[in-house]
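Per-entry structural report
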Amino acid sequence: MSESYDYLFKFLVIGNAGAGKSCLLHQFIENKFKEDSSHTIGVEFGSKIINVGGKSVKLQIWDTAGQERFRSVTKSYYRGAAGALLVYDITSRDSFNVVSTWLRDARLLASPGVVILLIGNKKDLDVERQVTFIEASQFAQENELMFLETSAKTGESVEESFLKCSKTILAKIESGELDPDRTGSGIQYGSQPKTLNVNTSGDNRNKLFTPDCICNTY
Ligand code: GTP
Ligand code: MG
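Let's talk about the coordination of the magnesium ion (ligand 2)
Perfect tetrahedral coordination of a metal by four donors corresponds to 109.5 degrees between them, and perfect octahedral coordination by six donors corresponds to 90 or 180 degrees. With distances of 2.0 to 2.1 Å, the protein atoms coordinating the magnesium ion (ligand 2) are Ser-22 (OG) and Thr-40 (OG1). Of this pair, Ser-22 sits in helix 1 (residues 21–30) while Thr-40 sits in the loop between helix 1 and strand 2 (43–52), and the two are 18 residues apart along the sequence. Given the relative accessible area of 7%, Thr-40 is considered buried.

Spelled out as structure tokens, the structure:
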């Protein structure tokens, strides 16, 4: 049976190696903490349909490797992303210090209207915290980013982060600020019931984003 949804959004998960990007995606899709997570090689892929204010939205999520040696490969996936989760580890000052570099690349290479959510992950490790909530939220405000702290381990705010980013994208579509028909918007219309017999020629209905390669899939 083919799945039906109103929109398809291309999402990107970026940030330093070890910040917990793959664990966040695994928790979001499988509702489980991935205990034995190892470094991502290149790019991994996952998808999930969620309900956003009554609309069903399929998220097509590209989880990129944070290690420097994969940078040129992962950058090729930024193009046409509608949403990005920029993840740092609250117990690693280093991972927060380079957030501005990740941000610059995302703004440069993703869709022009890309909606970015800054995520401080590993909230469960509060005793080892090196980055305060206040300083990260100030950085987010100064750089026009949304901000949340999550735990891929306990699941706290994981679903909320994907939902928050999707809600903002949907609101921008509804206000006309984002146009799904624009090439490279990272947004596509979902499948339409056949009985409607809608003439879809000329727009991007029913097409899927086609990746250059898929290294791993959930
Ligand atoms: P790369 O793929 O190399 O870019 O790393 P990544 O950002 O995907 O990190 P990954 O999800 O593989 O997690 C790295 C390590 O952090 C693993 O040992 C995880 O078990 C651990 N980890 C991830 N998220 C959390 C969290 O929320 N809490 C705790 N305590 N550990 C976490
Ligand atoms: Mg990973």
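Brief notes about the nonpolar core
Formed by 33 residues in total, the largest nonpolar core has its most connected members in Phe-9, Phe-11, Leu-59, Leu-85, Phe-162 and Ile-169. Aside from chain neighbours lying at most four places away, what touches Ile-169 is Phe-9, Phe-11, Ala-82, Gly-83, Val-115, Leu-178 and Ile-187. By size, the runner-up hydrophobic cluster in this structure holds 27 residues, among which are Tyr-78, Phe-96, Val-99 and Leu-118.

Some remarks on the pairing of strand 3 (residues 55–64)
Most of strand 3 is tucked away, with nine of its 10 residues classed as buried. Sheet topology places strand 1 (residues 7–15) next to strand 3; seven bridges connect them, and they run parallel. If you follow Tyr-7 over to strand 3, its bridge partner there is Val-57. Pairing geometry for strand 2 and strand 3, over 10 bridges, is antiparallel. In the strand pairing of strand 3, Lys-48 is matched with Leu-59. What sits between strand 2 and strand 3 in their antiparallel hairpin is a turn of two residues, with Gly-53 showing a positive phi close to 50°.

Digging into unusual backbone geometry
Phi is positive for Asn-31, close to 55°, though the residue is something other than glycine. Looking at the secondary structure, you find Asn-31 in the loop between helix 1 and strand 2. Even without being glycine, Glu-144 reaches a positive phi, approximately 55°. Relative to the assigned elements, Glu-144 resides in the loop between helix 5 (133–142) and strand 6 (146–149). Here Glu-144 falls in the exposed class, since its relative accessible area comes to 71%.

A word on the site of ligand 1
Ligand 1 sits among 23 residues. The nearest are Lys-21, Ser-37, His-39, Gly-66 and Asp-124. The contact in question runs from an oxygen atom of ligand 1 to an N or O atom on the backbone of Ala-19, over 3.3 Å. In the environment of ligand 1, an oxygen atom lies 2.7 Å from a nitrogen or oxygen atom belonging to the backbone of Gly-66. Here ligand 1 has 660 Å² of accessible area as a free molecule, and 88% of this is covered by the chains. The element best represented in the shell around ligand 1 is helix 1, accounting for three residues. A class-by-class count of the residues in the shell around ligand 1 yields seven nonpolar, 11 polar and five charged.

Parameters at a glance
Residues numbered from 1 in each chain as written. Chains lettered and ligands numbered in written order. Predicted model: local features only at pLDDT ≥ 70, side-chain atom pairs only at ≥ 80, totals over all residues. Heavy atoms only, no water. Donors = N, O, S within 2.8 Å, 3.2 Å for Na, K, Ca; no water. Helix = DSSP H or I, 4+ residues; strand = E, 2+ residues; numbered from the N terminus. Buried < 20%, exposed > 50% of the residue type's maximum accessible area, 1.4 Å probe, protein only. Core = buried A, V, L, I, M, F, W, Y, C linked by side-chain atoms within 4.5 Å. Contact = heavy atoms within 4.5 Å. Pairing = 2+ DSSP bridges. Near = heavy atom within 4 Å. Polar contact = N/O pair within 3.5 Å; in protein donor to acceptor, adjacent residues only side chain to side chain. Areas by Shrake-Rupley, 256 points an atom, 1.4 Å probe, with all protein chains shown as cover. Nonpolar A, V, L, I, M, F, W, Y, C, P; charged D, E, K, R; others polar.

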